[in-house]
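Here is what each chain is made of, one letter per residue.
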Amino acid sequence: IYIKSEEISKVNRVELLNTIGRIVKVIDNPASTTNELSLKVSDLPAGIYFVRVLSEGNTQTMRVVISR
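Quick notes on the rules
- Residues numbered from 1 in each chain as written.
- Predicted model: local features only at pLDDT ≥ 70, side-chain atom pairs only at ≥ 80, totals over all residues.
- Heavy atoms only, no water.
- Salt bridge = Lys/Arg side-chain N within 4 Å of Asp/Glu carboxyl O.
- Buried < 20%, exposed > 50% of the residue type's maximum accessible area, 1.4 Å probe, protein only.
- Helix = DSSP H or I, 4+ residues; strand = E, 2+ residues; numbered from the N terminus.
- Pairing = 2+ DSSP bridges.
- Axes fitted to C-alpha atoms, helices over the stretch in contact; angles between N-to-C directions.

Trainee: I'm lost on the pattern of salt bridges in this one. Help?
Mentor: If charged atoms from side chains of opposite charge come close, those side chains can pair. One pass over the full model with this rule turns up four salt bridges. Glu-15 is the salt-bridge partner of Arg-13, the closest N and O atoms lying 2.6 Å from each other. Its relative accessible area of 25% is what places Arg-13 among the partly exposed residues. What makes Glu-15 buried here is its relative accessible area of 6%. For Glu-15, the salt bridge identified is with Arg-52, shortest N-O distance 2.9 Å. In this pair, Glu-15 is assigned in strand S2 (residues 11-17) and Arg-52 in strand S5 (residues 47-55), connecting sequence segments 37 residues apart. Take Arg-52: its relative accessible area is 29%, and that puts it in the partly exposed class. A single network of salt bridges, built from pairs that share partners, joins Arg-13, Glu-15, Asp-28 and Arg-52.

This is the structure in structure tokens:
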């Protein structure tokens, strides 16, 4: 999963949650020299997940589908 943003340097945490709200992956204080972060999901089963991006004073949640 790739996350692109002009303000990627302000991201404090990225969480990947399953459909019951359990956090299955976390990136704390991601370091990026570009406007893009990547989250490896090759070890997860296919399905619907939610990506939560927490930054300075802002939280965004997006639905993603992992298919094989």
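Back to the write-up after that little detour.
Trainee: Explanation requested: the sheet that holds strand S6 (residues 58-66) in the structure shown.
Mentor: Across a sheet, strands are paired by hydrogen bonds formed along the backbone, either parallel or antiparallel in direction. Taken together, four strands build an open sheet; the order of strands is S3-S2-S5-S6 and the sheet is antiparallel. In this open sheet, the two strands that pair with only one neighbour each are strand S3 (23-28) and S6. Each adjacent strand pair in this sheet contributes to an overall mean axis angle of 15°, direction not counted. Bridge analysis of S2 against S5 gives six bridges, and the strand direction is antiparallel. Bridged to Val-11 within S5 is Ser-55.

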